[in-house]
Amino acid sequence: MPNVLISIIVPCYNQAQYLDECLQSVLDQTYHDWECIIVNDGSPDNTEEFAQKWVEKDSRFKYFYKENGGLSSARNFGIEKAAGEWILPLDCDDLIANKYLELSNEEITKGFNLIYFKIRLFGQENLDYDTAFYNFEELLYSNPFYCSCIFPKEKWKKLGGYDEKLIYGMEDWEFWINMIYNTPTIVSRVDYVGFLYRKKENSMLDTLQVDVEKQIYSKSYIIQKHANHYAKSQTFVAQNLKNVQEYKTIIEKYQKMFSENIFLSTINKIRKILKVKI
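Conventions we followed
- Residue numbers run consecutively from 1 along every chain, following the written order of its sequence.
- Totals for whole chains, interfaces and linings use all residues, but because this is a predicted model, local features are given only for residues with pLDDT of at least 70 and pairs of side-chain atoms are given and counted only at 80 or more.
- Excluding hydrogens and water, the side-chain values take into account all heavy atoms of the structure.
- Note: two strands are recorded as paired if DSSP finds a minimum of 2 bridges between them.
- Segments assigned H or I by DSSP are reported as helices when at least four residues long, segments assigned E as strands when at least two residues long, and all are numbered from the N terminus.
- Here a polar contact is taken to be a pair of N or O atoms separated by no more than 3.5 Å, where protein atoms must pair a possible hydrogen donor with a possible acceptor and residues adjacent in sequence count only if both atoms sit in side chains.
- Residues are treated as being in contact if the distance between any of their heavy atoms lies within 4.5 Å.
- Simply put, an axis is a line fit to the C-alpha atoms, just over the touching stretch for a helix, and the angle between two N-to-C directions goes from 0 to 180 degrees.
- pLDDT runs from 0 to 100 and stands for how confident the predictor is about each residue.
- Burial classes follow relative accessibility: with a 1.4 Å probe on protein chains only, a residue under 20% of its type's maximum area counts as buried, one over 50% as exposed, and anything between as partly exposed.
- Read the arc as the range of directions from the helix axis to the C-beta atoms.
- Basic side-chain nitrogens of Lys or Arg form a salt bridge, by our definition, when they fall within 4 Å of a carboxyl oxygen of Asp or Glu.

## Things to note about the sheet that holds strand 9 (residues 187-199)
Read from one edge of the open sheet, four strands run 5-9-6-7, paired in mixed fashion. On the outer flanks of this sheet lie strand 5 (95-96) and strand 7 (127-129), each paired with one strand and no other. In this sheet, strand 9 lies alongside strand 5 in antiparallel orientation, the contact comprising two bridges. The partner of Ile 96 across the bridge, within strand 9, is Phe 195.

Structure (structure tokens):
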């Protein structure tokens, strides 16, 4: 079975205390054709000190520093540096199980080009989470994936990378929508607990869930960016015709957060999508 080089991209910002555990999970892989690119996104802590230990331990670890630009910016920077034809984003506080890359390579040889696994939560909450099976249309309004899926670097190039305007999260969801709706994508869900997501206080996901304005910004931005796909989705239209008030709220929040021109543009696009008067 031919092996591919998988580039693991680890953005780091102010979470150096988790980096050793994350990189150990990479080193423990049963599959050995990988490189791990550690991106210090202008972190004020001692990320560089932690990272350099791993660079000295194994030449497959590579360290880069950049000015702070946010998670999408750090991922894009790391992928640009990647030598591998296949990419695995991995946040520095999360882990991968030791067969993650081996099983991913098997799926790659079968022709799949977006690969994800079951999840285990650990930290403040500990349980196995059975990820949903991917559904093309449902992807527009719920995300069955997590950030650490494997995909070809070539797709990232064609899509222009992660959208750096999504500074509050959901950047991975938008990236999957962009990929699946705009490039030929064959998805594999592997029946193996491969991704370990750390549950802790003040994570980006938890912050987004309790911050309504950030949710509204991110969701509205995604709808606006992919308005044509949403307009064609009968499921999306049918569901949201029943919830027009939610979109009135989104528009009101949008008006406070953006210029009048963007506000009017967003109103018009949502009107067209829902085919209702707002």
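## Remarks on the side chain of Ser 7
With respect to the helices, strands and loops of the structure, Ser 7 is situated in strand 1 (residues 6-12). Only 2.6 Å separates the side chain of Ser 7 from the side chain of Glu 35, close enough to count as a polar contact. Once residues within four sequence positions are removed from consideration, Ser 7 is found in contact with Glu 35, Ala 82, Ala 83, Gly 84, Trp 86, Ile 87 and Leu 88.

## Some thoughts on the sheet that holds strand 4 (residues 86-89)
Here five strands make up an open sheet; going across it, the order is 3-2-1-4-8 and the pairing mixed. Of all the strands in the sheet, just strand 3 (61-66) and strand 8 (151-152) have a single pairing partner and so form its edges. Note that strand 1 and strand 4 share four bridges and pair parallel. The residue bridging Ile 6 from the neighbouring strand is Trp 86, located in strand 4. Each of strand 1, strand 2 (34-41) and strand 3 touches helix 1 (residues 16-27); the most contacted strand, strand 2, lies at about 165° to it.

## What about the confidence of the model for the protein?
Per-residue confidence for the protein averages 85 on the pLDDT scale, and 79% of its residues sit at or above 70. Taken together, the stretch residues 257-263 has pLDDT below 50 and engages in eight contacts with residues farther than four places along the chain or on a different chain.

## Let's talk about unusual backbone geometry
Residues other than glycine seldom take positive phi values, yet Asn 14 does so here, at roughly 60°. Looking at the secondary structure, you find Asn 14 in the loop between strand 1 and helix 1. Within the chain, Met 170 stands out as a residue other than glycine whose phi angle is a positive 70°. Locating Met 170 in the fold gives a position in the loop between helix 5 (153-159) and helix 6 (171-182). Met 170 sits in the buried class, given a relative accessible area of 14%.

## A closer look at helix 2 (residues 47-57)
When helix 2 is considered as a whole, its buried residues turn out to be Thr 47, Phe 50, Ala 51 and Trp 54. Here the buried residues of helix 2 occupy an arc of 95° about the axis, which is enough to place them on one side. Residues Glu 49 and Glu 56 are exposed on helix 2 and point more than 90 degrees away from its buried face. Where the residues of helix 2 are buried, they touch strand 1, helix 1, strand 2 and strand 3.

## Quick look at the pattern of salt bridges
Pairing between side chains of opposite charge can happen when their charged atoms approach one another. Applying the stated criterion to the full structure yields 12 salt bridges. In this structure, the salt-bridge partner of Glu 21 is Arg 198, at a minimum N-O distance of 2.8 Å. With Glu 21 in helix 1 and Arg 198 in strand 9, this pair connects stretches of sequence that are 177 residues apart. Overall, Glu 21 belongs to the partly exposed group, its relative accessible area being 40%. A relative accessible area of 9% places Arg 198 in the buried class. A salt bridge links Arg 75 to Asp 91, with the shortest nitrogen-to-oxygen separation between them at 3.2 Å. Residue Arg 75 is located in helix 3 (residues 71-81), and its partner Asp 91 is located in the loop between strand 4 and strand 5; the two are separated by 16 residues in the primary sequence. Accessibility classification places Arg 75 together with Asp 91 in one group, the buried group.

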